[in-house]
Amino acid sequence: MPGVMAAAAASCSPRGVIRARSSRASRPGVARAYADKRLVAENARAQNVHRTELETRIRSQLLRPELPPSSYDTAWVSMVPLRGSDHSPCFPQCVEWILRNQQDDGSWGINQFDSSINKDALLSTLACVLALKRWNVGRENIWRGLHFVGRNVSVAMDAQAAAPIGFNITFASMLSLATDMGLEFPIRQTDVHGILHLREMELKRQAADDSCGRKAYMAYITEGLGKTLDWDEVMKFQRKNGSLFSCPSTTAAALIHKYNDRALQFLKLLVSEFGSAVPAVYPSKLHCQLLMVDALEKMGISQNFVSEIKSILDMTFSLWLQKDEEIMMDIATCSMAFRLLRMNGYDVSSDGLSHVAEASTFWDSLQGHLNDTKSILELYKASKVSLSENDLILDSIGSWSGKLLKDKLCSSRVQKTLVFGEMEYAVKFPFYATLDRLEHKRNIECFDAWGSLILTTKCSCFRVNQEFLALAVEDFSFSQSVYQDELQHLDSWVKENKLDQLQFARQKLTYCYLSAAATIFPSELSDARISWAKNGVLTTVVDDFFDVGGSREELENLIALVEKWHEHHADNFYSEQVKIVFSAIYVTTNQLGAKASAAQGHDVTKHLAEIWLNLLRSMMMEAEWQRSQHVPTFEEYMTNAVISFALGPIVLPALYFVGQELLEHAVSDQEYDKLFRLMSTCGRLLNDIQGFEREGSEGKLNSVSLLVLHSGSSMSIEAAKKVIQKSIDRSRRDLLRLVLRKESVVPRPCKELFWKMCKILHLFYFQTDGFSSPKEMVGAVNAVISEPLKIQTGDSSLSISIR
């Protein structure tokens, strides 16, 4: 206190002020450090505020998606006459909206996301002009709209430009209708003929097709066909809510030609809910919500919206059980709902996809007739979340949808769009052979912020807000800084424990850490990542010690030391190598055990030591087999191999660090053991397929060679590999089914670590032994840990590097 009082007194006098200034000036480094620290704190506070604001806005979007108005659909709804009076609109408020919402250039339909002149804008503008002319209002608006169409009519004939569904038919028909109404376009007659020719060509092409899909398509574009349609046939596509295809423009066009009370009620409901302008599709809330949930999961930020996502999926599950039209009548929505529900633990049967089990039934749908890429892609992704060996529905969908996607990828006519990239990725990397953080990065960088979330609309669409992208970028960039710090810590740990001095040991720190950071990715799960990576390094060292680095005496000494654990003596080390290996295991396991025990509220160190002892004994068993040239049966080999594959010390300790209470009875439960054995079976067999030739040249036996050997050489190597692959597929499906099952003694976040390791193994051994390769996974390491994000904009040629 006296010092504080003296300092305060000194600062009151002029001389004291001078001394204080000179003192601060004499220590510029301290002042700079203080300013830097304060700036960091202020930036952190600002980032937290910004993040909170982003999350709040996203929560609002999730629960209440805002469907933007569609000028095109509003125009058609406005053309519906009052019943019994052809001279009065049934929805005058829609006519007023058209008058109030014309753009300065004379158009309707150009929005804030995309200001370019496109076929959407042409179609919307022409529809609005027709609506105003229909009721003889807005002469000036009509004139400006006609001139906008005239100035940009070349866009209508651009075969490369993206087109709304049925554009060539609908636009030409509306152009003819406008001419019949006395409207004059500033368009050359040759251009008019060209547009009409495109219509005739399209109609001839459609006439050659007599499928149900073609009939659905013709009913869907009623606005472009008018009196040529059989309206009784069209009304067969009416849904329970009174709409045609949940599309306001289609429903309105049908109502103009043939009165239908249910169709009118649908439009009245729509206008009462949205006011003077209607969306392009209704209802579509669920579809939009599912797409947003999918986007959040794909970009690695879904953990911030757990309650909102659960609410959406609970509602989806309820509607699924009711076979609600909003899900079942749209193939993309149905497929996505199935995948998201199943992967989030809901008990959904593939029977819900039986109506598209065969390619023929798909082609009979509207999406099939349109050859809709996104619907095919969603079906393909849904087919991969199979939980049983003989799911005929999913197997059939996977077969024909996969073939269609591959055909599209090989077609020179397919544009290299973001959708093309997603197709390519889905076909090349099944969801069980991807690393979460790698996938997140790819999805963030290729985020289709400008793309439609509604797959079959004629104009307008719902678009994901940029807040999704902003939050994902912020989260990923921050996590990379955490990963870099953790990797530095791990590098120091390797050196402190002298593991880098072991000449026989592969140095796989970055690969081990990659498998942790790329799967246990949330920044706050640092202890789980550190445990996973350290034990990954240690198991690699021990594996190499048993394979090439240690003598029989050294291996026996190491096992004896682990058996004694706390009772071991420093003078009992057979060699310096044994001392380094044991000390690293002992010290690291005790440190992790102390942390885990504190987190769990009971001692778990003994359990971690037992995991190591089981591993060493199983490795010793294999070493004895090789030394004595014993040929085990396939069953003997696998019983030992699921432990000797060394996933126990990596995965099992990490379960204690994922923020869940893992009770002792859960660790001793059959479910816990089965999760471990299924995961390890996948890993052992995947490794055996890729390492068969290398291990054979070293005189080692594995599952492939044992199958051939015990068959009396009646089974070829390729046949043996096929048998092994079937076992891998079966074990993977069984593991996923166990992970997703809700009735469980092992908490879901703990079960997910077994699945995450299974995914890592599938990727590492996808085409080669990626873990043993010095270069195979380097690109993945850099992408997850060090390389900054590069964000693609709507123009794929542009990129933004974000640090």
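Since the structure is predicted, the reported quantities are computational estimates derived from the model, not experimental observations. (Residues numbered from 1 in each chain as written. Predicted model: local features only at pLDDT ≥ 70, side-chain atom pairs only at ≥ 80, totals over all residues. Heavy atoms only, no water.)

A few points about the overall build of the protein chain
Secondary structure summary: the protein chain contains 38 helices and 4 strands in total. When burial is assessed residue by residue, the protein chain has 54% of its 803 residues classed as buried. Taking contacts inside the protein chain between residues at least 6 apart in sequence as the whole, the part at least 24 apart equals 71%. Of the accessible surface of the protein chain, which amounts to about 36700 Å², a share of 52% is contributed by carbon and sulfur atoms. (Helix = DSSP H or I, 4+ residues; strand = E, 2+ residues; numbered from the N terminus. Buried < 20%, exposed > 50% of the residue type's maximum accessible area, 1.4 Å probe, protein only. Contact = heavy atoms within 4.5 Å. Areas by Shrake-Rupley, 256 points an atom, 1.4 Å probe, with all protein chains shown as cover.)

Description of unusual backbone geometry
A cis amide bond, omega 0 degrees, links Tyr282 with the succeeding residue Pro283. Relative to the assigned elements, Pro283 resides in the loop between α14 (261-274) and α15 (285-298). Positioned with a positive phi, Lys323 is a non-glycine residue whose angle comes to about 55 degrees. Within the secondary structure layout, Lys323 lies in the loop between α16 (306-321) and α17 (325-328). For Lys323, a relative accessible area of 59% translates into the label exposed. Although it is not a glycine, Ser713 sits at a positive phi angle of roughly 65 degrees. Among the secondary structure elements, Ser713 is positioned in the loop between α35 (703-710) and α36 (717-740).

Points about the packing of helix α6 (residues 119-134) against helix α7 (residues 139-151)
Direction vectors running N to C along α6 and α7 enclose 150 degrees, while the axes themselves pass 9 Å from each other. It follows that α6 is roughly antiparallel to α7 by the angle criterion. Here the hand of the crossing between α6 and α7 comes out left-handed. Where α6 approaches α7, its residues Ala121, Leu122, Thr125, Leu126, Val129, Leu132 and Lys133 are matched on the opposing element by Asn141, Ile142, Gly145, Leu146, Phe148 and Val149. The residue inventory of the contact of α6 with α7, partitioned by class, reads 9 nonpolar, 3 polar and 1 charged. (Axes fitted to C-alpha atoms, helices over the stretch in contact; angles between N-to-C directions. Parallel < 35°, antiparallel > 145°, perpendicular 65-115°, else oblique. Left-handed = near helix turned anticlockwise from the far one by under 90°. Nonpolar A, V, L, I, M, F, W, Y, C, P; charged D, E, K, R; others polar.)

Some points on the nonpolar core
Counting residues in hydrophobic clusters, the biggest one holds 118 residues, and the most contacted among them are Leu499 and Trp532. Once you skip the residues sitting within four places of it in the chain, Leu499 turns out to touch Trp493, Val494, Gln507, Val537, Leu538, Val541, Ile580 and Ala584. Counting residues in each nonpolar core, the second largest holds 60 residues, with Leu290, Ile301, Ile327 and Val419 among its members. (Core = buried A, V, L, I, M, F, W, Y, C linked by side-chain atoms within 4.5 Å.)

Observations concerning the packing of aromatic side chains
Aromatic ring pairs: the centre-centre distance and the angle between the two ring planes describe each pair. Summed over the entire model, instances satisfying the criterion amount to 20 aromatic pairs. Relative to Tyr282, the ring of Phe266 lies with its centre 6.2 Å away and its plane at 45 degrees, an arrangement referred to as tilted. On the criterion of sequence distance, the pair formed by Phe266 in helix α14 and Tyr282 in the loop between α14 and α15 is long-range, its members being 16 residues apart. With a relative accessible area of 15%, Tyr282 lands in the buried category. Members of the aromatic cluster, joined through ring pairs, are Trp565, Phe573, Phe582 and Tyr586. The aromatic ring of Tyr259 is capped on one face by Arg83, whose charged end is 3.8 Å from the ring centroid. Just above the ring of Tyr425 sits the side chain of Arg442; from NZ or CZ to the centre is 4.3 Å. (Phe/Tyr/Trp six-rings, centres within 6.5 Å; stacked < 30°, edge-to-face > 60°. Lys NZ or Arg CZ within 6 Å of the ring centre and 35° of its normal.)

Some details on the confidence of the model for the protein chain
In this model, the protein chain carries a mean pLDDT of 88, and residues with pLDDT of at least 70 account for 88%. For residues 1-26, every residue scores under 50 in pLDDT, and the model assigns this stretch 5 contacts once sequence neighbours within four places are set aside. Throughout residues 449-456 the model reports pLDDT below 50, and contacts reaching past four residues in sequence, or to other chains, amount to 32 contacts. (pLDDT = per-residue confidence, 0-100.)

Side note on the side chain of Lys751
Among the structural elements, Lys751 can be located in helix α37 (residues 748-764). The buried charged residue Lys751 lacks any salt bridge partner; its closest oppositely charged side chain belongs to Glu671, at an N-O distance of 4.1 Å. (Lys, Arg positive; Asp, Glu negative; His and termini not counted. Salt bridge = Lys/Arg side-chain N within 4 Å of Asp/Glu carboxyl O.)

So, the environment of Ser246
Note that Ser246 resides in the loop between α12 (231-234) and α13 (248-257). The class for Ser246 is buried, based on a relative accessible area of 7%. Between the C-alpha atoms of Ser246 and Glu326, which are 80 residues apart in sequence, the distance is 8.6 Å. In this structure the side chain of Ser246 is engaged in a polar contact, spanning 3.0 Å, whose partner is the side chain of Arg239. (Polar contact = N/O pair within 3.5 Å; in protein donor to acceptor, adjacent residues only side chain to side chain.)

Looking at the pattern of salt bridges
As enumerated under the stated definition, the model contains 38 salt bridges in all. Of the charged contacts, one joins Glu671 and Arg741 as a salt bridge, the two residues approaching to 3.4 Å between their closest N and O atoms. On the criterion of sequence distance, the pair formed by Glu671 in helix α34 (residues 670-697) and Arg741 in the loop between α36 and α37 is long-range, its members being 70 residues apart. On the basis of relative accessibility, which here comes to 6%, the residue Glu671 falls in the buried class. Arg684 is the partner of Asp688 in a salt bridge, and the nearest nitrogen-oxygen pair spans 3.1 Å.

Overview of helix α18 (residues 331-343)
Relative to the 18 Å expected for 13 residues at 1.5 Å per residue, α18 spans 18 Å between its end C-alpha atoms, a close match to the ideal helical length. Of all 13 residues in α18, 12 are buried, a share of seventy percent or more. Among all positions of α18, only Ile331, Ala332, Thr333, Cys334, Ser335, Met336, Ala337, Phe338, Arg339, Leu340, Leu341 and Arg342 are buried. The opening residue of α18 is Asp330, an N-cap whose side-chain oxygen sits 3.3 Å from the backbone nitrogen of Ala332. Just downstream of α18, Gly345 is the residue with a positive phi angle, here 90 degrees. (Expected span 1.5 Å × (residues − 1).)

Some thoughts on a nonpolar patch on the surface
Together, Val631, Leu701 and Leu709 give the surface a local cluster of nonpolar side chains, amounting to about 230 Å² of exposed area. For Val631, a relative accessible area of 37% translates into the label partly exposed. (Patch = residues over 30% accessible without salt bridge, like charges linked within 9 Å, V, L, I, M, F, W, Y side chains within 5 Å.)

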